[in-house]
Number of protein chains: 2
Amino acid sequence: MADSGDHGSPGPLASVAALRAFSENFRWAKVDLLAYKEEGSAPFAGITRQILFADPLLGCELRYFEIAPGGHSTLERHEHVHAVVILRGTGRCLVGARVAAVGSHDLVHIPPMTWHQFRADGSEALGFLCMVNAKRDKPQLPSEAELAVLRTDANVAAFLDGRAR
Amino acid sequence: MADSGDHGSPGPLASVAALRAFSENFRWAKVDLLAYKEEGSAPFAGITRQILFADPLLGCELRYFEIAPGGHSTLERHEHVHAVVILRGTGRCLVGARVAAVGSHDLVHIPPMTWHQFRADGSEALGFLCMVNAKRDKPQLPSEAELAVLRTDANVAAFLDGRAR
């Protein structure tokens, strides 16, 4: 009867984790703090991952990433799309050839096969939600030639080097 | 070439809305403020809807709902799942037979066919993100008999009447 819902009782999933409370410093009850990626698998710095929702009944997962001041995500591209909501702090992101400052609650859309990277280049951590298809392709890293093309834009080159705009 | 990504230029989607800035009072650039539902289609009060991400390449949509003080969403159930992140304010939610206080950044999971409702019963608006499958079934409203069963729990009855806990 649990999932039929016709007597108003919570289903089995509800009893597991219907509500998970937010706690200090952007951690949540019953949510593990994970490595961003396997160490050495790709370039990144000072970034953690928490999986907030990964329900097999949902087509997407919702993750929370946090980049410590001075840190950055991997510069990469892939077929799958990212839908990002900044939750805390400020920083910059690269989407294609565009570098943009981002802050709390800004929305960032990463289209397919578009180079992207997030940097916490202010004095505070940059935390963001990222919605992504549960089934997705593996990220690609830029070749030296692709990096050279990206660097032809002075603004992009400064971003990639972590220099001020 | 735009979507091939091999020269680092943004694709066509990126040029449309790669970045949409957060503005005052939980509104976003290029995001319309919508009615929660068609007026008269179901019981609700003081609630708006903004569609933050609805990309056909994503299996889910991400919406932002905001309930004004004293308002509430529809009491309903459906096969599809909700993954909710509270973004602002405080309130209470019903999930199955459980009534819980919620506040900023708390996570709420609504399993299939589980009665649920959100109420902004504090002095401030309750705003939340809701991730949902793009393809989903239509919500069901409770029958009188189903409501009566829900009301056998005094805590649930108080919630449904908007009375203090």
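If you're wondering where the values come from, they're calculated on a predicted model, not measured in any experiment.

### Focus: the overall build of chain A
When its secondary structure is counted, chain A shows 3 helices and 12 strands. Burial status across chain A gives 53% buried among its 165 residues. When contacts within chain A are restricted to residue pairs at least 6 apart in sequence, those whose partners lie at least 24 apart make up 63%. With an accessible surface of roughly 7,000 Å², chain A has 55% of that area assigned to carbon and sulfur atoms.

### With respect to the interface of chain B and chain A
Between chain B and chain A, the contact holds 60 residues from the first and 60 residues from the second. Carbon and sulfur atoms make up 67% of the area that chain B and chain A hide from each other, which totals about 4,700 Å². Remark: the boundary between chain B and chain A carries 0 salt bridges. Summed over the shared surface of chain B and chain A, the result is 14 residue pairs in polar contact (both at pLDDT 80 or more). In terms of residue class, the side of chain B that touches chain A is built from 38 nonpolar, 13 polar and 9 charged. Here strand β1 (residues 19-20) of chain A pairs with strand β10 (residues 107-110) of chain B via 2 bridges, running antiparallel.

### Here we look at the nonpolar core
Formed by 32 residues in total, the largest nonpolar core has its most connected members in M131(A) and M131(B). Looking at this core, the elements with two or more residues in it are β5 (45-53), β6 (60-72), β7 (82-88) and β12 (126-133) of chain A together with β5 (45-53), β6 (60-72), β7 (82-88) and β12 (126-133) of chain B. Every residue in contact with M131(A), bar those within four places of it in the chain, is listed here: C60(A), E61(A), L62(A), V81(A), H82(A), A83(A), F53(B), L58(B), C60(B), E61(B), L62(B) and M131(B).

### Concerning the relation of the copies chain B and chain A
Here the two chain copies are tied together by a rotation about an axis and a shift along that axis. Overlaying chain B with chain A gives an RMSD of 0.0 Å, the required rotation being 180 degrees about an axis along which the chain moves by 0.0 Å. Look at the turn and shift together and you get a two-fold axis relating the two. If distances are taken from each C-alpha of chain B to the rotation axis, the shortest is found for G59(B), at 2.3 Å. Looking at chain B, 100% of its interface residues are interface residues in chain A too, so the copies touch through the same face.

### Describing the confidence of the model for chain A
For chain A, the average pLDDT comes to 89, and 89% of its residues sit at 70 or higher. Interface scoring of the predicted complex returns ipTM 0.89; its pTM is 0.89.

Definitions and cut-offs
Residues numbered from 1 in each chain as written. Chains lettered and ligands numbered in written order. Predicted model: local features only at pLDDT ≥ 70, side-chain atom pairs only at ≥ 80, totals over all residues. Heavy atoms only, no water. Helix = DSSP H or I, 4+ residues; strand = E, 2+ residues; numbered from the N terminus. Buried < 20%, exposed > 50% of the residue type's maximum accessible area, 1.4 Å probe, protein only. Contact = heavy atoms within 4.5 Å. Areas by Shrake-Rupley, 256 points an atom, 1.4 Å probe, with all protein chains shown as cover. Buried area = accessible area lost by both parts, 1.4 Å probe. Salt bridge = Lys/Arg side-chain N within 4 Å of Asp/Glu carboxyl O. Polar contact = N/O pair within 3.5 Å; in protein donor to acceptor, adjacent residues only side chain to side chain. Nonpolar A, V, L, I, M, F, W, Y, C, P; charged D, E, K, R; others polar. Pairing = 2+ DSSP bridges. Core = buried A, V, L, I, M, F, W, Y, C linked by side-chain atoms within 4.5 Å. Least-squares fit on C-alpha atoms with pLDDT ≥ 70 in both. pLDDT = per-residue confidence, 0-100.

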